[in-house]
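Chain by chain, the residues:
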Amino acid sequence: MSESTDLRPGTEGGTAGAEEPRAADTTMDARTRLVRSLLRLILAAALLSAPVYLVAEEFGGEAIVRVLLSNGVCALGCWSLLRLVGAGRVELAARVLVWGLLLLVAGLASSNGEPVHVNVINFMLVTLLAAVTLGARALLVAGGLSAAVMLGIAWAQAVPPPGEDLLEARLEAIAQFLPTWCVVVAVLWHHLRGVTERA
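This section reports on the structure supplied with the text. (Residues numbered from 1 in each chain as written. Predicted model: local features only at pLDDT ≥ 70, side-chain atom pairs only at ≥ 80, totals over all residues. Heavy atoms only, no water.)

### Focus: the packing of helix α5 (residues 136-157) against helix α7 (residues 178-198)
Two measures define how a pair of helices packs: the angle their axes make with one another and the distance between the axes. Cut-off, in case you're wondering: Axis angles are defined between N-to-C directions and span 0 to 180 degrees, where every axis is a line fitted to C-alpha atoms and, for a helix, only to the segment in contact. In DSSP terms, a helix is any run of H or I states spanning at least four residues, a strand is any run of E spanning at least two, and both are numbered starting from the N terminus. When describing relative orientation, an angle under 35 degrees is termed roughly parallel and one over 145 degrees roughly antiparallel, while 65 to 115 degrees is termed roughly perpendicular and anything else oblique. Whether two residues are in contact is decided by their heavy atoms: any pair within 4.5 Å suffices. Three categories are distinguished: nonpolar for Ala, Val, Leu, Ile, Met, Phe, Trp, Tyr, Cys and Pro, charged for Asp, Glu, Lys and Arg, and polar for the others, with Gly belonging to the last.
At their nearest, the axes of α5 and α7 sit 10 Å apart, and the two run at 175 degrees to each other. If you check the angle between α5 and α7, you find them roughly antiparallel. Across from Ala136, Leu139, Leu140, Gly143, Ser146, Ala147, Met150 and Leu151 in α5, the residues of α7 making contact are Leu178, Trp181, Val185, Leu188, Trp189 and Leu192. Looking at the contact of α5 with α7 residue by residue, the classes come out as 12 nonpolar, two polar and no charged.

### Topic: the pattern of salt bridges
For clarity, the threshold we go by: In what follows, salt bridge is the name for a side-chain nitrogen of Lys or Arg lying within 4 Å of a carboxyl oxygen of Asp or Glu.
Enumeration over the complete set of coordinates arrives at two salt bridges. A salt bridge links Glu91 to Arg31; its shortest N-O distance comes to 2.6 Å. Taken together, the positions of Glu91 in helix α3 (residues 90-111) and Arg31 in helix α1 (residues 16-56) put the pair 60 residues apart, joining distant regions of the chain. In this structure, Glu91 engages Arg95 in a salt bridge whose closest nitrogen and oxygen atoms are separated by 3.1 Å. With Glu91 and Arg95 both in helix α3 and four residues apart, the pair spans about one turn of that helix. Each of Arg31, Glu91 and Arg95 takes part in a single network of salt bridges with overlapping partners.

### Overview of helix α6 (residues 166-175)
What sets the pattern is the α-helix's 3.6 residues per turn: residues three or four places apart point alike. Threshold: Burial here depends on accessible area, computed with a 1.4 Å probe over protein chains only, as a share of the maximum for the residue type. Under 20% is buried, over 50% is exposed, and the range in between is partly exposed. By definition, the arc is the one covered by directions from the helix axis to the C-beta atoms. Side-chain atoms alone can form a polar contact between residues adjacent in sequence; in general such a contact is a pair of N or O atoms within 3.5 Å, and within protein one must be able to donate a hydrogen while the other accepts it.
Restricting attention to buried positions, one finds in α6 the residues Ala169, Arg170, Ala173 and Ile174. Down the axis of α6, the smallest arc covering the buried residues is 135 degrees, so these residues share one side. Against the buried residues of α6 lie α4 (116-134), α5 and α7. Of the residues flanking the start of α6, the one acting as N-cap is Asp165, its side-chain oxygen 3.0 Å from the backbone nitrogen of Leu167.

### A closer look at the environment of Trp99
Following the sequence through the fold, Trp99 ends up in helix α3. Residues Trp99 and Val126 lie 27 residues apart in sequence; the distance between their C-alpha atoms is 8.1 Å.

### Quick word on the nonpolar core
The cut-off we apply is this: In plain words, nonpolar cores are sets of buried Ala, Val, Leu, Ile, Met, Phe, Trp, Tyr and Cys residues tied together by side-chain atoms within 4.5 Å.
Counting 44 residues, the largest nonpolar core has Val35, Leu39, Ile42, Cys74, Leu101, Phe123 and Trp181 as the members making the most contacts within it. Every element with two or more residues in this core is listed here: α1, α2 (61-86), α3, α4, α5, α6 and α7. Looking at this core, the element that brings in the most residues is α3, giving 11 residues.

Following this line, the structure appears as structure tokens:
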């Protein structure tokens with residue numbers, strides 16, 4: 001008695017159709033693990049860095065408020081997004097993570113009064129998260145928005161030393177981070193393009 005063959009569209013002897021969903025499931029599982037791991041990592045960083053910041057600022061009232069607005073909001077957001085991932089909304093969780101964190105970082109960087117260079121690493125974290133979770137287009141958008149925010153901060157913060165023009169001081173402040181920023185974003189973008197082409 002001959003073996004039966006599955007002739008449904010997209011199958012070949014009953015194996016091809018089974019392999020494609022299996023490959024898709026594997027990809028989704030890997031993406032779920034990635035997003036979940038990143039959320040747990042950022043949650044842990046927010047919780048562990050909060051007491052360090054409070055000790056450094058001697059538990060001042062303003063420091064407590066800033067920790068609640070930064071670390072507290074970040075931790076609560078990550079916890080909520082982990083629940084979203086558990087419900088199968090991985091793509092939505094990844095998007096909220098990247099753009100929500102960018103909004104938080106931009107707001108804090110614009111209001112904390114620190115030099116723009118102090119916040120470059122935070123913007124780089126968001127841009128890197130966009131690259132690894134959302135892809136090349138999101139990388140360029142996050143990198144561009146981050147650069148625009150940092151440009152605005154540097155432009156507003158620049159204070160020329162005696163004898164130096166204000167415009168010169170502003171351009172000098174921007175030149176200290178913008179060229180390197182653009183190179184890093186370009187390197188990440190080319191890497192993602194290469195990965196896509198190889199795939």
